[in-house]
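Residue-level listing of the chains:
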Amino acid sequence: MSSYETSPWGWVAVFAVVTALIFGPITWLIRDRVSKEQRERLSYVVTGLVLLCVPLVIGLGFVVEGLLFFIDVGILGSVLGLAVTFLVERTVVPERFGGTAQ
């Protein structure tokens, strides 16, 4: 059994900030330029790719020493970053920057 230290919140915060900075503008551009039907199809494709990659990343985490720590921190930080991105997009971004493609 592999053991590692608990995830430091500093690393989680770094992953969250980087994820929000990367995916925030991408999310807003997609929402602005892609219709709702195309976004739905795109979300299915992205979800399928993520589900295909999960076993590979977990297997790699078991093989490479110390990678499991960064996987845990990266997943938690990325989820928090995406949550912040969607929250900001729904509450702060002006209407003219979001949802104009119908």
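All of these numbers come straight from a predicted model, not from anything done at the bench.

Looking at the overall build of the protein
Link 1 in the chain: Looking only at helices and strands, one finds three helices and zero strands in the protein.
Link 2 in the chain: The secondary structure elements of the protein, listed N-terminal to C-terminal, are α-α-α.
Link 3 in the chain: Per-residue burial over the protein gives 21% buried out of 102 residues.
Link 4 in the chain: Here the contacts in the protein between residues at least 6 apart in sequence split such that 87% fall between residues at least 24 apart.

Focus on the packing of helix α2 (residues 36-63) against helix α3 (residues 67-91)
Link 1 in the chain: Packing of α2 against α3 brings their axes to within 7 Å, and their N-to-C directions diverge by 140°. Relative to α3, α2 is oriented oblique. Within the contact between the two elements, α2 uses Val 57, Leu 60, Gly 61 and Phe 62 and α3 uses Leu 67, Leu 68 and Ile 71.
Link 2 in the chain: Considered class by class, the residues forming the contact of α2 with α3 number six nonpolar, one polar and no charged.

Concerning the packing of helix α1 (residues 9-33) against α3
Link 1 in the chain: The N-to-C vectors of α1 and α3 enclose an angle of 45°; their axes lie 6 Å apart at closest approach. Here α1 is positioned oblique relative to α3, judged by the angle of their axes. Crossing geometry of α1 relative to α3 is assigned as right-handed.
Link 2 in the chain: Classifying every residue of the contact of α1 with α3 by side-chain character gives 16 nonpolar, eight polar and three charged.

Focus: α3
Link 1 in the chain: The terminal C-alpha atoms of α3 lie 36 Å apart, and with 25 residues this matches the ideal 36 Å at 1.5 Å per residue to within 8%.
Link 2 in the chain: Along α3, the positions that sit buried rather than exposed are Leu 68, Phe 69, Ile 71, Val 73, Gly 74, Gly 77, Gly 81, Thr 85 and Glu 89.
Link 3 in the chain: The inward-facing, buried residues of α3 contact α1 and α2.

Criteria and thresholds
Residues numbered from 1 in each chain as written. Predicted model: local features only at pLDDT ≥ 70, side-chain atom pairs only at ≥ 80, totals over all residues. Heavy atoms only, no water. Helix = DSSP H or I, 4+ residues; strand = E, 2+ residues; numbered from the N terminus. Buried < 20%, exposed > 50% of the residue type's maximum accessible area, 1.4 Å probe, protein only. Contact = heavy atoms within 4.5 Å. Axes fitted to C-alpha atoms, helices over the stretch in contact; angles between N-to-C directions. Parallel < 35°, antiparallel > 145°, perpendicular 65-115°, else oblique. Nonpolar A, V, L, I, M, F, W, Y, C, P; charged D, E, K, R; others polar. Left-handed = near helix turned anticlockwise from the far one by under 90°. Expected span 1.5 Å × (residues − 1).

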